[in-house]
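# Structural overview for review
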Amino acid sequence: MAVVYKKSIALTDAPLTYCPGCTHGIIHKLVAENLVELGVYDKAIGVGPVGCSALCDFFFACDMYIAGHGRAPAVATGIKRTHPDKFVFTYQGDGDLASIGTAEIVHAAHRGEKISTIFVNNAIYGMTGGQMAPTTLVGQKATTAPYGRSEEHCGKPIRIAEMIATIEGAKFVERVSVNNPANVRKAKKAIRRAFELQLEGKGFGLVEVLSTCPTNWGYSAVNALKWLEENLIPYYPLGNYKDY
Amino acid sequence: MLEQVIVAGFGGQGVLRVGQMIAYAGFSEGKEVTWAPSYGPEMRGGTANCSVVVSDSEIGSAQLLEADSVIAMNLPSLHKFESAVLKGGKLFINSSVIKEKATRTDISVYYIDANTVAEKIGNAKGGNMVILGAYAKVTGTVSLDSLYELVKKTFTGDKAKFVDSNIACIKAGAELV
Amino acid sequence: MAKKLMKGNEAIAQAAINAGATHFFGYPITPQSELIEFMAREMPKVGACFLQAESEVAASYMVYGAAGAGARVITSTSSPGLALKQEGLTYMVSAELPAVIVNISRGGPGLGNILPQQGDYFMCTRGGGNGDYYHPCFAPASVQECADLIVEAFDIADEYRMPVLVLGDGMIGQMMEPVEIPEYKKYVPNKPWAADGNHIARGVHNRINAMDLAADVLEAKNNKIQAKLKEISEKYVKYESIDVEDADLVLVAYGTPSRACKNVLKKAKEEGLKVGLIRPISLYPFPKVAFDKINPKCKAILAVEQSCGQMIEDVRLSVLGKYPVEFFGRTGGNPIIPEQVFEKVKNILGGTK
């Protein structure tokens, strides 16, 4: 029988701990497939965050770290400066990267660290139970914004891809989404490009991936995808922001 | 032997350098030495001072509040450290800058017209070396020869041209006392 | 290397390089700036990596990353910076990563000032971050000891896969003394646990992680950390002890204040007073054993610190009520003045000889 689909060897057999309908699993798969297809799996080192993907060191089959909250880019810096010949990526959520870890991501980009960052933006704190993130939309309800996010009170959501693209050391920045098969394919391509850039020694690359959180958004898996398309994408435009 | 000396003056008068040279010369003579600067906001523009201890046995505190000798390069230093000289100790005053006299009578005071002497030698910045020469001669903490050797070792390459004038300043200082 | 005159900060830096440090990550802060500047200048000359981080927090995680990848790594800072580094420190203890952390301490609390002070004793000896841990902490009192302890700190860090802290006060960082730095030795890591990207050859992927969700797993980790600390506590107790066996009063001081205490000992001898000194070199493990040798008829112990009294708690725990424990301290960066300590000694002894 012909094999039409096989799980990437860059993923372990550990069962994923993500909620039903969460798109972390898809993004893991895209990262893993790119590692293998680019032939870098055998020298890849990943750094996971604090958040829902804090267990991703069990899921990726390469050497893995879990950093302190928001500090993955600093940890990746330490690794890459120790092994410049290895392939180093970080995998971070929006609370991690866009809130507590803004200094680390900005300065890793600014130094032009030759690492690749997968930034998973689902506009909410997932693991801690649905609190407001810096990326939570105005009006969107969260457990720490029970009346909906107020612009007056806590500002508008932060657009990371646009911000990082302004930094000289960042050489590839793209925002993608995994809400439908076409976008999943585009996401895979963007991750590939960011990885290639690291291999070429050009500098820092970041792919922002719009993702769902059905549990904390309070939608079914299907409706969560729809909500993403109708609400997140208009505020967070998909597309390439930088490609050297 | 145990010699504790405080060197004090304006930043830029080379007071830390004088202290270091006493320490280096003592070190080259095989003695135990410590050099401890006062550091902090005062090192930027204000007064600077350092403590040096030269001994033939283990040195305790490196930071001095009283000393066998004090070298005062400016008036605020004289005011601050005259009282720090131990009874029977020695106070070296740069009289080119300090026009006041010391008030203590239980110590030996040496007025060194350091800047004038240095200018005559043609080394306008060498006042600190003149007073260093006087200090070394009077106290015998370190030998003049050790200081000359140190100068030769310090100024090399492009800076070798400063060796003679610095040695001349140290020598002139020693001859004043 | 031949003996030469160096500042404590420079001796620490040179000793770290000669111990084969491959990486330094740090952030500028007075009074340790000579150290980071020395590293920036000298590390590239031996092919080592110096990188100035955007913050102490980031620096501590760069250390975490490099240590996990098998590097011999060091960072240095001063008090407020160490407070920021505590986050990375507790992660390193949990992830079992070896590294050397230097704290050239200054005045506090808050921004305090840049003068020497010993107000970080608790932060440095009690496991200053969250969670249930300690790590070794050594306090040099001379420039030579700065160099020697740094070299040993690297080895202990590797032996126990644990961060080791070297605590000097601002004065030891700034003062110059003759020092002999051990010869340069290239570091050859042997760390099969490192996550260095060799998972294929190794046949298993290594994970560097400071989280254990299952209660029993985390308890096992805590037990392992405690077991390592117990062994360290037996193996690496360091102290200097002078004349305690027949002392009527014993001073206890670490770092540069212990040097002022040596002046006090001299004065006491001249006046016929029997005063001894215990100088803890390892602050964790605290040298409790040194107190067993004190004259049973000793009238008092006097803890001398450039703080409001922190080490004194360990002194009390060491003598367990056997002797009264008195305190002399200065803060704000004011030095310990031998004459003032001696006055206190005479007061305690009531003029008796």
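Residues numbered from 1 in each chain as written. Chains lettered and ligands numbered in written order. Predicted model: local features only at pLDDT ≥ 70, side-chain atom pairs only at ≥ 80, totals over all residues.

### Things to note about the overall build of chain C
When you go through chain C residue by residue, the secondary structure sums to 12 helices and 16 strands. In terms of overall dimensions, chain C is globule-like: its C-alpha atoms have a radius of gyration of 21 Å, near the 20 Å expected for 353 residues. Each principal axis of the C-alpha atoms in chain C carries an extent, and together these give about 75 × 45 × 35 Å. Relative to its full complement of 353 residues, chain C shows a buried share of 60%. (Helix = DSSP H or I, 4+ residues; strand = E, 2+ residues; numbered from the N terminus. Rg over C-alpha atoms; globule rule 2.2 N^0.38 Å. Buried ≥ 20, exposed ≤ 12 C-beta atoms within 10 Å, placed from the backbone.)

### Quick notes on the interface of chain C and chain B
When the parts of a complex come together, some accessible area is lost, and that lost area is often used as the size of the interface. Each side of the interface is counted separately: chain C has 17 residues, and chain B has 15 residues. Counting only elements with at least two residues in the side of chain C that touches chain B, the list comes to strand 6 (113-116), helix 7 (170-174), strand 9 (176-179) and helix 10 (257-270) of chain C. Counting residues per element, the side of chain C that touches chain B draws most heavily on helix 10 of chain C, which supplies four residues. Considered class by class, the residues forming the side of chain C that touches chain B number 12 nonpolar, two polar and three charged. (Contact = placed C-beta atoms within 7 Å. Nonpolar A, V, L, I, M, F, W, Y, C, P; charged D, E, K, R; others polar.)

### Considerations on the domain arrangement of chain C
All names here are of chain C. Looking at chain C, the domain boundaries give domain 1 (4-235) and domain 2 (240-349). Taken over C-alpha atoms, the centre of domain 1 sits 29 Å from the centre of domain 2. Elements that contribute at least two residues to the side of domain 1 that touches domain 2 include exactly strand 6, helix 5 (121-125), strand 7 (137-138), strand 8 (163-169), helix 7 and helix 9 (215-235). The leading source of residues in the side of domain 1 that touches domain 2 is helix 5, at four residues. A per-class count over the side of domain 1 that touches domain 2 returns 15 nonpolar, nine polar and one charged. (Domains from an automatic or database assignment.)

### A look at the arrangement of the chains
Most contacts, when the two pairs of chains in contact are compared, are made between chains A and C. At no point do chain A and chain B touch; the closest pair of C-alpha atoms across them sits 30 Å apart.

### As for the sheet that holds strand 1 (residues 44-48) of chain A
Strand order across the open sheet formed by eight strands is 7(A)-5(A)-6(A)-4(A)-3(A)-1(A)-2(A)-10(C), with mixed pairing between neighbours. Of all strands in the sheet, those bounded by a partner on one side alone are strand 7 (239-243) of chain A together with strand 10 (207-208) of chain C. As paired strands, strand 1 of chain A and strand 2 (residues 63-66) of chain A are joined by four bridges and run parallel to one another. Bridge pairing in strand 2 of chain A links glycine 48 of chain A to isoleucine 66 of chain A. Lying on the sheet, helix 1 (residues 24-37) of chain A is in contact with strand 1, strand 3 (87-93), strand 4 (116-121) and strand 6 (204-210) of chain A; it crosses strand 4 of chain A at an angle near 165°. (Pairing = 2+ DSSP bridges. Axes fitted to C-alpha atoms, helices over the stretch in contact; angles between N-to-C directions.)

### Some details on the environment of aspartate 158 of chain C
Residue and element names in this part refer to chain C. Topologically, aspartate 158 is positioned in helix 6 (residues 143-160). Judged by local crowding, aspartate 158 falls into the partly exposed class, with 19 C-beta atoms found within 10 Å. For the pair aspartate 158 and glutamate 231, spaced 73 residues apart in the sequence, the C-alpha separation amounts to 14 Å.

### Things to note about the interface of chain A and chain C
Between chain A and chain C, the residue contacts involve 28 residues of the former and 34 residues of the latter. Secondary structure elements with two or more residues in the side of chain A that touches chain C: strand 1, strand 2, helix 3 (72-82) and helix 5 (102-111) of chain A. Broken down by element, the residue count for the side of chain A that touches chain C peaks at eight residues, all from helix 3 of chain A. Residue composition of the side of chain A that touches chain C, by class: 14 nonpolar, six polar and eight charged. Across two bridges, the pairing between strand 2 of chain A and strand 10 of chain C is parallel. Residue methionine 64 of chain A lies in a different strand from strand 10 of chain C, and its bridge partner there is arginine 207 of chain C.

### Observations concerning the environment of proline 20 of chain A
Residue and element names in this part refer to chain A. Here proline 20 shows up in the segment before helix 1. On the neighbour-count criterion, proline 20 (9 C-beta atoms within 10 Å) is exposed. For proline 20 and alanine 221, which are 201 residues apart along the polypeptide, the C-alpha to C-alpha distance reads 7.2 Å.

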